[in-house]
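These are the residues of each chain, in order.
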Amino acid sequence: MLDVQEQATSSAPAPFAKHDIPHAQHGLDLEEALIFEIGRPDVSGVDFEEPAPFVDRLGGLARRAPLELPGLSEPETMRHYVRLSRKNYSIDGGIYPLGSCTMKHNPRLNERMARLPGFGDIHPLQPQSTVQGALELIQELARWLTVATGMDSVAMSPKAGAHGEACGLMAIKAAIAARGEAATRRVVLVPESAHGTNPATAVRVGFEVRSIPVRADGSVDPLILEKNLGADVAAIMLTNPNTCGLFEQDVVAIADAAHAAGAYFYCDGANFNAIMGKVRPGDLGVDAMHLNLHKTFSTPHGGGGPGAGPVVLSARLAPFAPRPFVKSDDAGLHLVEHRSEAPEAFGRITAFHGQMGMFVRAFAYLLSHGADGMRQVAEDAVLSANYVRASLSDLLSPPFGERPCMHEALFDDTWLKDTGLTTLDFAKAMIDEGYHPMTVYFPLVVHGAMLIEPTESESKLSLDLFIATLRSLAHAALAGDRERFIGAPYHAPVRRLDETQAARAPVLVWTKPSALAEAAE
Ligand SMILES: *Cc1c(COP(=O)(O)O)cnc(C)c1O
C-alpha cells in the first residue's frame, strides 16, 4: 500500500497519519477520502503570480489565520472527482431493481432533445413571445397526458410525485371549501398498502389521516372502506397498482363509494408504468392522480436529475388547478399567471412553470414510443416482473401465493425463517455479487419485504443473470452458509454501515481532527 506519510515532502505537514489511511480498497474499487482529508492548504493546481504590493481597504479587518482550503494539484483533483463519480451506482451501469422506483433506461434521444438550445438555454423570465415553442411543448405534453389517462386537465408544475400529491389534495381542499364544507370534511382515508408519501402529504396539507386495513390478499376491501366513509371524509388516497405490485380489482366500487359519500378519489399514479395504454384512470372514477415523469416517462432521477409530478384532474377539480398553466389565444400561447384569469385556482405551488427539461425528455419519450409503444412498455414491464416472480417463487416466499403481479414482484422473509438470516443480510450479500439490492422492508404490510421492479428495459439475458444470482444466493442461505451473509458486503470499500444512525444523526460537517482532539481534552 502507498505510504502517504513517506511520500509527503519534509517541509509540508503530513496530510494524515499512517493509521488514518483509508484501507478498504478492494481490487480496483477504491475508497476515497474526503477532499479535506487529502487536500493541503499549501498546494494548488494553478500557478498564481505573486500579487503586487497593495494597501488593503478592509479597515484593519484582515484575516489573521489561514483559510485552510484543501488544495490539490490538477491530477489529484481529477482522480478525486473521477473516483467519487465511480461510486455513483446508476441505471447506466447495471440493473437497478428498486421496487417502487421504476429505474428504467433513460433514452439518449431524450437527452439530445433537452439540450437543444431552444429548450436548454431559455430562461423562465424571458418574454413569452420568445418561448412560444417551449410553451407549445408544455401544452402538447399536457394534452398527451390527459389523453393517456382519460382525464379532463392536468396541472404541470409539481416537481415530484409527493409534490403532485400535495397539488391534488390542495385542489380537493379548494373544491371542498368552495362547497362550503371546509370545516366538516377534514379526513383523508389511506389504506395500509399506500405509499408512505400519501399519509405524509395528507397531514402536510392539513387533513387528518384515517388508516384503512387491507385484505389478506393485499388489496382494499370496498366494504371496509364504505364503513369509514362519512360526511367528515374529504378524500380517499389509493395507490393503484398498489405497493404490493397488485392491481386494485375493486377500484370502480371504491370510486363509486367515495363519490356517493361526497368525497373525492385521489389515485397515486406513480405506478402508471404498469397500466398505461391498458386502462384509463378517468374511466375508473379518479378525480386526481399524479404521474411521475421521472418513473413512467423515463426522465432521470435519483441523483441523475430532478423529478416532475404533473397531476391529472377530473372536470370537477379542473377549475381549482394551480397557476400557471398554458392557454392559447389569438396572439399565440400564454401563461395564465393571475387571479383575474383563473379565479378558482388554489394559487401556485412553485416558482415558475415546472421542470422544463423533464417535460422535453418525457415528450420525446412519448413521441418516440407512440400509443402502441406505450402499451408495449406496460406489457413488457409486467412481463419482466412476472418472469422474476415465477423464477424465484419456489425458493423465496411470495406473500400472496401464485397470484400474478403487475410491474413489481414482492417477496417476504418467511423463507428465511430457519436460517437465522434477515432480509437485510440477503440484500447486503447481493452487493458482493455485483447487484444493487431491491427495495427492502417496504411495503410495510408484509414482514421483511423484498420488492423487485425490473422494468421493461432489462433484456431477458440481464434478467436471467439476475435471477440465477439470486437463486444461488438463496440456495446458500438455505444451506446454512451464514458467514457469506452476516458480514456482507465483503467486496465493497465500506461494509455494514449503521444505517439507522446515519439517517437519525447524519454527520454533515467535516471537523478537523485537531479540533476533535482539542474538544476531547
Ligand atoms: C415514487 C412514488 C411516490 C413519490 O414520488 P416522488 O417523486 O419520489 O416524490 C409516491 N407514490 C408511489 C406509489 C411511488 O412509487
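Quick note: structure is the one above.
Residues numbered from 1 in each chain as written. Predicted model: local features only at pLDDT ≥ 70, side-chain atom pairs only at ≥ 80, totals over all residues. Heavy atoms only, no water.

## Structural notes on the sheet that holds strand E10 (residues 409-411)
Pairing within the open sheet is antiparallel, and its three strands lie in the order E10-E12-E11. Only two strands of the sheet have a single neighbouring strand rather than two, namely E10 and strand E11 (439-440). Bridge analysis of E10 against strand E12 (residues 450-452) gives three bridges, and the strand direction is antiparallel. If you follow Phe411 over to E12, its bridge partner there is Met450. Together, E10 and E12 form the strand contacts of helix H11 (residues 356-392), whose direction differs from that of E10 by roughly 30°. (Pairing = 2+ DSSP bridges. Helix = DSSP H or I, 4+ residues; strand = E, 2+ residues; numbered from the N terminus. Contact = heavy atoms within 4.5 Å. Axes fitted to C-alpha atoms, helices over the stretch in contact; angles between N-to-C directions.)

## Description of the site of the ligand
If you check the shell around the ligand, you find 15 residues, and the closest are Gly161, Ala162, Asp268, His294 and Lys295. Within the backbone of Ser100, one N or O atom sits 2.9 Å away from an oxygen atom of the ligand. A distance of 2.7 Å separates an oxygen atom of the ligand from a polar atom in the side chain of Lys295. Contact with the protein chains hides 86% of the accessible area of the ligand, taken as 380 Å² for the molecule alone. A total of three residues in the shell around the ligand trace back to one element, the largest contributor, which is helix H7 (residues 161-178). Its residues placed into classes, the shell around the ligand shows three nonpolar, nine polar and three charged. (Near = heavy atom within 4 Å. Polar contact = N/O pair within 3.5 Å; in protein donor to acceptor, adjacent residues only side chain to side chain. Areas by Shrake-Rupley, 256 points an atom, 1.4 Å probe, with all protein chains shown as cover. Nonpolar A, V, L, I, M, F, W, Y, C, P; charged D, E, K, R; others polar.)

## A look at the packing of H11 against helix H13 (residues 460-478)
Viewed as axis vectors pointing N to C, H11 and H13 meet at an angle of 30°, and their least axial separation amounts to 10 Å. With respect to their mutual orientation, H11 and H13 come out roughly parallel. Crossing angle aside, the handedness with which H11 passes H13 is right-handed. On H13, the residues touching Ser384, Tyr387, Val388, Ser391 and Leu392 of H11 are Lys460, Leu463, Asp464, Ile467, Leu470 and Arg471. In terms of residue class, the contact of H11 with H13 is made up of six nonpolar, two polar and three charged. (Parallel < 35°, antiparallel > 145°, perpendicular 65-115°, else oblique. Left-handed = near helix turned anticlockwise from the far one by under 90°.)

## Focus on the sheet that holds strand E4 (residues 233-239)
Across the sheet, seven strands lie side by side as E1-E7-E6-E5-E4-E2-E3; this open sheet has mixed pairing. Either end of the sheet is taken by a strand with one partner, and the two such strands are strand E1 (153-155) and strand E3 (208-212). Neighbour-to-neighbour, the strand axes of the sheet open up by a mean angle of 25°, direction not taken into account. Looking at chain direction, E1 and strand E7 (residues 311-313) are connected through three bridges and run antiparallel. Note that in E7 the partner of Ser153 across the bridge is Leu313. Across the sheet, helix H6 (residues 132-149) is in contact with E1, strand E6 (288-290) and E7; its angle to E1 comes to roughly 125°.

## A word on the pattern of salt bridges
Under the definition given, this model contains 26 salt bridges. Linking Arg108 and Asp92 is a salt bridge whose minimum nitrogen-to-oxygen distance equals 2.4 Å. Note that Arg108 is positioned in helix H4 (residues 108-114) and Asp92 in the loop between helix H3 (74-86) and H4, a separation of 16 residues in sequence. Judged by relative accessible area, Arg108 falls into the partly exposed class, the value being 43%. Residue Arg143 is joined to Glu140 by a salt bridge in which the shortest nitrogen-to-oxygen separation is 3.0 Å. Taken as a pair, Arg143 and Glu140 lie in helix H6 at a separation of three residues, close to a single helical turn. For Arg143, a relative accessible area of 44% gives the class partly exposed. One network of salt bridges, in which partners are shared, links Arg215, Asp217, Asp221, Asp250 and Arg403. (Salt bridge = Lys/Arg side-chain N within 4 Å of Asp/Glu carboxyl O. Buried < 20%, exposed > 50% of the residue type's maximum accessible area, 1.4 Å probe, protein only.)

## Side note on unusual backbone geometry
Look at the link from Phe442 to Pro443: it is a cis peptide, with omega at 0°. Secondary-structure assignment places Pro443 in the loop between E11 and E12. Here the amide bond leading from Ala488 into Pro489 is cis, since omega sits at 5°, within 30 degrees of zero. By the secondary structure assignment, Pro489 is in the loop between helix H14 (483-486) and helix H15 (499-504). You will see that Glu68, though not glycine, has its phi angle at about 60°, which is positive. One can find Glu68 in the loop between helix H2 (35-38) and H3. Classification of Glu68 as partly exposed rests on a relative accessible area of 41%.

## Some details on the environment of Glu344
With respect to the element layout, Glu344 can be found in the loop between strand E9 (332-336) and H11. Excluding its chain neighbours within four sequence positions, the residues that come into contact with Glu344 are Pro319 and Phe320.

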